[in-house]
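Here is how the chains run, residue by residue.
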Amino acid sequence: MADHTDRTPHIPGQRQESLPADGQALDFPPPPPVPSLEDLGEKEPRLEALREWWDGAWDEGGFLHDRWEDLRRAPELGWHGMANWVKTALGLAGICAVLILLDGATDVLADTLHRLLTAVPRVQVGADTSTGVFAVVDQPIRSYIAAHSASLPISASTVYTVWQLVGIFGLVGGFFRSSGARLTWTAWGAASIAMVYSAAPADGRTIATGLAVLAWTVASAFALRGLTLRPAFFTHIHNAGHQIEPHIHLPAPAAPAADDTPDNVHPLQKR
């Protein structure tokens, strides 16, 4: 009789699959290799060493702890007392910020300056663009600039605008007592008076020059504010205060008593 105990029982509805001899299915990839204990042992000391270095760097006296203290104390110490590396970092950051701003604002500044220099109308000889008393001074200056700027690479209107900007700089800077601005205002006034005298009509040259001088003098009350022609005397009073000079006094030795005089000492006698 045959032995039926080694047969696989048949379950209805279940698909029977045949396995190869090695016991693995043909459509499944092989399992990934299991890391060995040696590889795991090499990674753990590296992580442990990195963790120890990180903890030691943040301990008192560590590298990262000292750098953090430098940053924390920088506002209290000020520019002169903060660490050098903090100064270097702030300086580099400031230079980079300035370069970025200049790179972005170069075109805008160039366009604005071009519009400012060409904002006034074209200067022409004899063009009466100003009225009133101001025309007596302004019209000769316009005519002089237009007649002497034909060979220049810039237009007469640009020269006139530069002349106005220099005058405003000298007036405002002189009001705030800037020595350079006051020198600029003096040279600007002398040049303006010379242009008025040269380009004014012959019959009214004296009057036009006098009005230019008066206008420049009135404006100088603001540009040369606080300037005086009186010489200034500075007196320095030196108070020496009390001086202490130590002196050492040594008392003279006392004369010996009469009883202590030896017998062999006699006073000198005149013979």
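Above this text sits the structure in question.
Overview of the structure. (Residues numbered from 1 in each chain as written. Predicted model: local features only at pLDDT ≥ 70, side-chain atom pairs only at ≥ 80, totals over all residues. Heavy atoms only, no water.)

Quick notes on the overall build of the chain
Reasoning step 1: The number of helices and strands found in the chain is seven helices and zero strands.
Reasoning step 2: Counting the 271 residues in the chain, one finds 17% classified as buried.
Reasoning step 3: Summarising the internal contacts of the chain: among those between residues at least 6 apart in sequence, 47% fall at separations of at least 24. (Helix = DSSP H or I, 4+ residues; strand = E, 2+ residues; numbered from the N terminus. Buried < 20%, exposed > 50% of the residue type's maximum accessible area, 1.4 Å probe, protein only. Contact = heavy atoms within 4.5 Å.)

Digging into the nonpolar core
Reasoning step 1: Within the largest apolar cluster, 16 residues are counted, with the highest numbers of intra-cluster contacts made by Ile-141, Ile-145, Trp-163 and Val-196.
Reasoning step 2: Elements that contribute at least two residues to this core include exactly helix 4 (133-148), helix 5 (156-175), helix 6 (179-199) and helix 7 (205-223).
Reasoning step 3: Excluding anything up to four places from it in sequence, Val-196 contacts Val-137, Pro-140, Ile-141, Ala-208, Thr-209 and Ala-212. (Core = buried A, V, L, I, M, F, W, Y, C linked by side-chain atoms within 4.5 Å.)

Some remarks on the pattern of salt bridges
Reasoning step 1: Going through the model one piece at a time under the given rule, you end up with four salt bridges.
Reasoning step 2: Taking the shortest distance from any N to any O, the salt bridge between Asp-138 and Arg-142 comes out at 2.8 Å. Placement of both Asp-138 and Arg-142 in helix 4 is noted, with a separation of four residues, approximately one turn of the helix. Neither Asp-138 nor Arg-142 differs from the other in exposure class; each is buried. (Salt bridge = Lys/Arg side-chain N within 4 Å of Asp/Glu carboxyl O.)

Some thoughts on the packing of aromatic side chains
Reasoning step 1: Taken as a whole and judged by the stated rule, the model has six aromatic pairs.
Reasoning step 2: The interplanar angle of 65° and the centroid separation of 6.1 Å between the aromatic rings of Trp-54 and Trp-58 together place this pair among those described as edge-to-face. Within this pair, Trp-54 and its partner Trp-58 are both found in helix 1 (residues 37-58), separated by four residues, close to a single helical turn.
Reasoning step 3: In this structure Trp-54 comes out as partly exposed when scored by relative accessible area, which is 48%.
Reasoning step 4: In textbook terms, an aromatic cluster arises when at least three aromatic residues are bridged by ring pairs, as seen for Tyr-160, Trp-163, Trp-185, Trp-188 and Trp-216.
Reasoning step 5: We note Arg-142 situated over the ring of Tyr-160; from NZ or CZ to the ring centre the distance is 4.4 Å.
Reasoning step 6: Taking NZ or CZ as reference, Arg-205 lies 5.5 Å from the ring centre of Tyr-197, over its face. (Phe/Tyr/Trp six-rings, centres within 6.5 Å; stacked < 30°, edge-to-face > 60°. Lys NZ or Arg CZ within 6 Å of the ring centre and 35° of its normal.)

Some thoughts on the environment of Asp-70
Reasoning step 1: Secondary-structure assignment places Asp-70 in helix 2 (residues 63-81).
Reasoning step 2: Given the relative accessible area of 23%, Asp-70 is considered partly exposed.
Reasoning step 3: Remark: the alpha-carbon pair of Asp-70 and Trp-85, spanning 15 residues in sequence, is separated by 9.1 Å.

Examining the packing of helix 4 against helix 5
Reasoning step 1: Across the interface, helix 4 lies against helix 5 with an axial gap of 9 Å and an inter-helix angle of 130°. The angle between helix 4 and helix 5 places the two elements in the oblique class. For the element pair helix 4 and helix 5, the recorded crossing hand is right-handed. Contact residues: helix 4 offers Asp-138, Ile-141, Arg-142, Ile-145 and Ala-146, while helix 5 offers Ala-156, Val-159, Tyr-160 and Trp-163.
Reasoning step 2: Considered class by class, the residues forming the contact of helix 4 with helix 5 number seven nonpolar, no polar and two charged. (Axes fitted to C-alpha atoms, helices over the stretch in contact; angles between N-to-C directions. Parallel < 35°, antiparallel > 145°, perpendicular 65-115°, else oblique. Left-handed = near helix turned anticlockwise from the far one by under 90°. Nonpolar A, V, L, I, M, F, W, Y, C, P; charged D, E, K, R; others polar.)

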